[in-house]
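Each chain is listed here by its residues.
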Amino acid sequence: MFCGKCGTQNSDSAEFCANCGAKLSKGASAQTVAIPSGSQNDKNRKVGIIAVAAAAVVVVILGIILFGGRGYKATAEAFLDAQFAADAEAIFELIPQEMIDYAMEQEGYDDEDYRDLVNELEDTIQNQLDDLDAYLGVGWTASYEIVDSEDIDGSDFDDIVDAYEEEADIQVSAAKTVEAEITITADETESNVTQDLALIKVGRSWYIDVLRMGSLF
């Protein structure tokens, strides 16, 4: 028979439970004993789940701190997207803000002038796209692929570092030239051209190197 108090199985002739000493009832053999749902195994399992979740959060945070920022490919792709969308605002966002502030100060421009410059760049890009519409026909498409990148080092890199530090007190930690292959499709024909993009790394992000690609304003 089973003990009605602790659930231990005893011989049918026993009067007291061999485990807890409780008096056994002859009718208790069919009784069931409820096992608490909050067992130690459940508690250990919950603690383990919480620990794993906490560790995952730490890994994500460390990843953001150590490897955050915009990579050089993402910067090159963002520039190409903005170029074919005539999105001058997006292009300016790919330039170090310190460089924009420096150029604005040197030219004596204010916020209104900045907005005019953004609009002027947008109009210039849109005019070029309109020329392509006239030449290729409306409906042409452009796609691109980053096919190569080259690190700038040695004296060439030193010149870049010195130029940005002297002009805008910007600390450049790396520089690259990225080659993009652009495919233009129109009337079921394709043509390929390449475009080189100059990039610099400031902090954890890559930016357009306006000093190598031409005047900012």
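Residues numbered from 1 in each chain as written. Predicted model: local features only at pLDDT ≥ 70, side-chain atom pairs only at ≥ 80, totals over all residues. Heavy atoms only, no water.

## A word on the pairing of strand β3 (residues 189-202)
Pairing geometry for strand β2 (residues 172-186) and β3, over 14 bridges, is antiparallel. When the bridges of β3 are listed, Ala-180 appears paired with Gln-195. Counted along the chain from β2 to the antiparallel partner β3, the turn is 2 residues long, and its residue Asp-187 has a positive phi close to 50°. Direction of pairing for β3 relative to strand β4 (residues 205-208): antiparallel, over a ladder of 4 bridges. The residue of β4 that forms the bridge with Ile-200 is Tyr-207. The antiparallel pairing of β3 with β4 creates a hairpin that spans 2 residues between the two strands, and Gly-203 there sits at a positive phi of about 65°. (Pairing = 2+ DSSP bridges. Helix = DSSP H or I, 4+ residues; strand = E, 2+ residues; numbered from the N terminus.)

## Observations regarding helix α4 (residues 97-107)
Listing the buried residues of α4 in full gives Met-99, Ile-100, Ala-103 and Met-104. Summarising the axial view, the buried residues of α4 lie within an arc of 135°, below the 170-degree limit, and thus occupy one face. In α4, those exposed residues whose orientation departs by more than 90 degrees from the buried face are Glu-105 and Gln-106. Elements that come into contact with the buried residues of α4 comprise α3 (88-92), α5 (111-136), α6 (154-168) and α7 (210-213). Once α4 ends, the next one or two residues include Gly-108, with phi positive near 75°. (Buried < 20%, exposed > 50% of the residue type's maximum accessible area, 1.4 Å probe, protein only. Arc of directions from axis to C-beta. Contact = heavy atoms within 4.5 Å.)

## Structural notes on the environment of Ala-174
One can find Ala-174 in strand β2. Separated by 17 residues in the primary sequence, Ala-174 and Phe-157 have C-alpha atoms spaced 7.7 Å apart.

What is shown is where atoms sit, not what they do.
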